[in-house]
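Below are the chains, spelled out letter by letter.
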Amino acid sequence: MADSVLPTITDDAIQTLLQSLGLPKATEITSPKVTAQYHSIYFITVPKSPASHDHAELVLRVSGRHLPVIKTKNEIGVMTWLSKNTTIPTPAIIAYDASESNPIGHEYTLLSKARGITLSEIYDTLTPEKTTQILDQLIDILTQLHAHPWTGIGGLSLNENGDPVLSQILDENFWQLPGIEKYWPGHTPTGLNLSGPYGSYIDYITAHIQLYIKLINLHPTLASMRDLIPRLENFIAILPQHSDELNKVALRLAHKDLHFANILFDDSTNKITAILDWEFSGVVPFTKWNPARSFLWNGRDDASSGEEKKKWMGMFQERCAQRGCEILKDAEYASKLQDDMQLVVDYLRAIVEVSPRGQRAELVGGWRNVVVEGLEAFGV
């Protein structure tokens, strides 16, 4: 969760950054009125040049201090992989820095500005014809995204040769610096979150449970969960006995937050022009490709958005059937036991996430019962 004040960068600092990158002086710099959790955003106009990859319109995304280094590296790693292995539309990477050792004093990405506006902005104007075209393009995008086989679970980052490789996992539910400073003083993101990459689904689940045992032992608000630690340790020990069943899952690269505010659309050509915000994407067990259930959400916080999402999902599934594609066929759990394994992690994570914040106390008891039921399914 993003709780910190986002950085404000002066025009002079941005001009100095551009100069340091060998880019021409900006002719215009504006800060749009957009709501962004993790970045300050600046639109920049420059004369076209080789350094700008012949783009005149750029977007500077300046990171807040939420998850230092890893978030920038992950987004660049994923976007680089996409540009090399798919035709999924994403902005071009002009420059980036995962450190704060630069003229603006913050991590940043400098990207080309894709044409179009978000689907969330034009949602009410979408005709049946446009809707079908959008669904077809999303099917094509997901087909490409899910086609590549992976041998591990994690995020992506660039190696010393500039090639994307599996690396530390990243999730929006990670403990981030603003929350750590408030609820876990003296700790760091590295010590409170997963690392990775992980070679199998069982390895991934085991890492979660080991982390949550550590956090339960550390935080006083989690003391009521400590009696479950021996059972959680037995749960970890027994997972390899079911490896054939539990590891039966496809590993796929997923955006994980593919809602309409992250999809740019050119209304004049009826084309999706860019998929945005890849910073929390990664290779996941395919059952977790849409963890926040944000796929096809219209990006609006109103009473009808839930029903609208259901309607779009129905149309999406119908269109998939018409085209004979089965891109979500293996997104279901392979067995009840595999589902129980994931439920233990999901509800334990929820408890570890909210209890230190003093939130959802009325729900924690019920969540604990779900964890216990999952453990009992494994005989522990």
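What comes next concerns the included structure. No experiment lies behind these values; they were computed from the predicted model shown. (Residues numbered from 1 in each chain as written. Predicted model: local features only at pLDDT ≥ 70, side-chain atom pairs only at ≥ 80, totals over all residues. Heavy atoms only, no water.)

1. With respect to the overall build of the protein chain
So the rule is basically this: Helix and strand labels come from DSSP, where a helix needs a run of H or I of at least four residues and a strand needs a run of E of at least two; each type is numbered from the N terminus. Atoms counted for the radius of gyration: C-alpha only. Globule rule: 2.2 Å times the number of residues to the power 0.38. Burial classification: accessible surface area is computed with a 1.4 Å probe over protein chains only, and a residue below 20% of its type maximum counts as buried, one above 50% as exposed, and the rest as partly exposed. When charges are counted, Lys and Arg are positive and Asp and Glu negative, with His and the chain ends excluded. Charged side chains are reduced to one point each, which is NZ for Lys, CZ for Arg, CG for Asp and CD for Glu.
Looking only at helices and strands, the protein chain has eleven helices and twelve strands in total. In terms of overall dimensions, the protein chain is globule-like: its C-alpha atoms have a radius of gyration of 22 Å, near the 21 Å expected for 380 residues. Viewed in the frame of its principal axes, the protein chain has a C-alpha envelope of about 65 × 55 × 45 Å. Here the protein chain holds 380 residues, and 52% of them are scored as buried. Averaging the positions of the 33 positive and the 45 negative side-chain charges in the protein chain gives two centres separated by 1 Å.

2. Some remarks on the sheet that holds strand 6 (residues 117-118)
Stated precisely, the cut-off is as follows: Here, any two strands with at least 2 DSSP bridges between them count as paired. Any two residues whose heavy atoms approach within 4.5 Å are treated as being in contact. Between N-to-C directions, angles span 0 to 180 degrees; the directions come from axes that are lines fitted to C-alpha atoms, helices contributing only their stretch in contact.
One open sheet accounts for three strands, arranged 6-10-11; its pairing is antiparallel. Strands with a single pairing partner mark the edges of an open sheet, and in this sheet they are strand 6 and strand 11 (271-275). In terms of strand pairing, strand 6 meets strand 10 (residues 263-266) through two bridges, oriented antiparallel. Paired with Ile-117 across the two strands is Phe-265, which belongs to strand 10. In this fold helix 3 (residues 128-147) packs onto strand 10 and strand 11, with an angle of close to 45° to the strand it touches most, strand 11.

3. Things to note about helix 6 (residues 201-218)
As a reminder of what qualifies: Multiply 1.5 Å by the residue count of a helix minus one, and that product is the helix's expected span.
For helix 6, spanning 18 residues, the distance from its first C-alpha to its last is 26 Å, which sits close to the expected 26 Å at 1.5 Å a residue. Summarising burial for helix 6: 13 of the 18 residues are buried, a large majority.

4. Digging into the pattern of salt bridges
When the charged atoms of two side chains lie near each other, side chains of opposite charge can form a pair. The condition is simple: The rule for a salt bridge is simple: a side-chain nitrogen of Lys or Arg has to be within 4 Å of a carboxyl oxygen of Asp or Glu.
Evaluation of the coordinates by the stated rule reveals 20 salt bridges. A salt bridge links Arg-300 to Asp-124, with the shortest nitrogen-to-oxygen separation between them at 2.8 Å. Here Arg-300 is found in the loop between strand 12 (282-285) and helix 9 (305-323), whereas its partner Asp-124 is found in the loop between strand 6 and helix 3, with 176 residues between them in sequence. Among the ionic contacts, a cluster of salt bridges with common partners joins Arg-61, Glu-75, Asp-277 and Glu-279.

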